[in-house]
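Residue strings, one per chain:
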Amino acid sequence: QLQEDVISYNSSISACEKVSKWSLALQLFDDLRQRELEASLISYNSTISACAKSGEWQRALALLEDADATATGCDVISYNAAITACS
């Protein structure tokens, strides 16, 4: 049986970003958290990028704020993706 982990979620979210499926990326991100897996910086950045690529700037900024409030924090990639979302 395949066991879900953060890495598989991150890969799936990243794939959604590449094909502009922001809503599916958000669903996967929410599922990751509901399963009580700890979202990584990659989880946040991939989901922020998926929203940014699709013009969902409000969702991207909400995720940025959420990441900043957790131990995960933000990095240059997080901020660049959020800036892209607002452009």
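Bear in mind the structure is a predicted one, so any value in this text is a computation, not a measurement.

Reading the values: rules and limits
Numbering of residues begins from 1 in every chain and follows the order in which that chain's sequence is written. Side-chain atom pairs in this predicted model are given and counted only at pLDDT of 80 or more, local residue features only at pLDDT of at least 70, and totals for whole chains, interfaces and linings cover all residues. Side-chain metrics rest on all non-hydrogen atoms present in the structure, leaving aside hydrogens and water. Helix and strand assignments follow DSSP, with helices taken as H or I runs no shorter than four residues and strands as E runs no shorter than two, numbered in order from the N terminus. Here a helix's expected span is defined as the number of its residues, less one, multiplied by 1.5 Å. Only protein chains enter the accessibility calculation, which uses a 1.4 Å probe. A residue is then buried if its area is under 20% of the maximum for its type, exposed if over 50%, and partly exposed in between. Contacts were defined at the residue level, with two residues in contact if any of their heavy atoms lie within 4.5 Å.

**So, helix α3 (residues 41–53)**
For α3, which comprises 13 residues, the first-to-last C-alpha distance of 18 Å matches the rise-based estimate of 18 Å (1.5 Å per residue) to within 8%. For α3, the set of buried residues is Ser 43, Tyr 44, Asn 45, Ser 46, Thr 47, Ile 48, Ala 50, Cys 51 and Ala 52. Next to the buried residues of α3 lie α1 (6–18), α2 (22–34), α4 (57–69) and α5 (76–86). Positive phi shows up at Gly 55, right after α3, with a value of about 75 degrees.

**Some remarks on unusual backbone geometry**
Even without being glycine, Ser 20 reaches a positive phi, approximately 60 degrees. Here Ser 20 is to be found in the loop between α1 and α2. Judged by relative accessible area, Ser 20 falls into the partly exposed class, the value being 37%. For Glu 36, which is not a glycine, the phi torsion comes out positive at approximately 60 degrees.

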